[in-house]
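# Overview (structure and organization)
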Amino acid sequence: MSRQLRALLIGMLGPALQAAGVAWDLLEHGVFAPAGGELITVTHIVSGPAHLLMATGFAVSVVCIPIALEVAAASPEELARPDEIADEAQLRGELRTAEAAK
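Rules used throughout
- Residues numbered from 1 in each chain as written.
- Predicted model: local features only at pLDDT ≥ 70, side-chain atom pairs only at ≥ 80, totals over all residues.
- Heavy atoms only, no water.
- Helix = DSSP H or I, 4+ residues; strand = E, 2+ residues; numbered from the N terminus.
- Buried < 20%, exposed > 50% of the residue type's maximum accessible area, 1.4 Å probe, protein only.
- Contact = heavy atoms within 4.5 Å.
- Axes fitted to C-alpha atoms, helices over the stretch in contact; angles between N-to-C directions.
- Nonpolar A, V, L, I, M, F, W, Y, C, P; charged D, E, K, R; others polar.
- Expected span 1.5 Å × (residues − 1).
- Bend = angle between axes of the 7 residues up to and from the residue.

What follows covers the overall build of the protein chain. Of the regular secondary structure elements, the protein chain holds six helices and zero strands. Traced from its N-terminal end to its C-terminal end, the protein chain shows the element sequence α-α-α-α-α-α. In the protein chain, buried positions account for 18% of the 102 residues. When contacts within the protein chain are restricted to residue pairs at least 6 apart in sequence, long-range pairs at least 24 apart make up 82% of them.

Laid out in structure tokens, this is it:
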């Protein structure tokens, strides 16, 4: 996976959660209860599942966007998984052994 795609996926996690919360809230208030203005209270805003999902998306954005920026700026070697590094090191060692045997 390219580093730009990784950074995009990491960076879009929070906004995706926020969008799901907004869609949920719009469906709840606009479609299922269009005249339900009396249901909107401070308690509903603080503890409503859609609002909590939006707040979670914002918190995830605060954490993930700096990580996404670091991933976008990282080199491929910095993004390699440890097992990939071990496999490459093992292959290099085998190549050196084969070259030394020649």
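With their axes 4 Å apart at the nearest point, helix α1 (residues 3-11) and helix α2 (residues 13-32) run at an angle of 35 degrees to one another. Touching Leu9, Ile10 and Gly11 of α1 are Leu13, Gly14 and Pro15, all from α2. Grouping the amino acids of the contact of α1 with α2 by side-chain chemistry returns four nonpolar, two polar and no charged.

This part covers helix α4 (residues 49-73). Along its 25 residues, α4 runs 36 Å from first to last C-alpha, staying within 8% of the 36 Å computed at 1.5 Å per residue. At Cys64, α4 shows its maximal kink, close to 30 degrees; a proline, Pro66, follows between one and four residues later. Looking at the buried positions of α4, the neighbouring elements they touch are α1, α2, α3 (42-47) and α5 (76-79).

Moving on to the side chain of His29. Relative to the helices and strands, His29 is located in helix α2. We classify His29 as buried; its relative accessible area is 18%. Residues in contact with His29, not counting those within four places in the same chain, are Pro34, Ile40 and His44.

A few words now on α2. An ideal rise of 1.5 Å per residue puts 28 Å on 20 residues; α2 measures up with 27 Å between its terminal C-alpha atoms. Those residues of α2 that sit buried are Gly14, Gly21, Asp25 and His29. Buried positions along α2 lie against α1, α3 and α4.

Remember, this is a structural readout, not a statement about activity or role.
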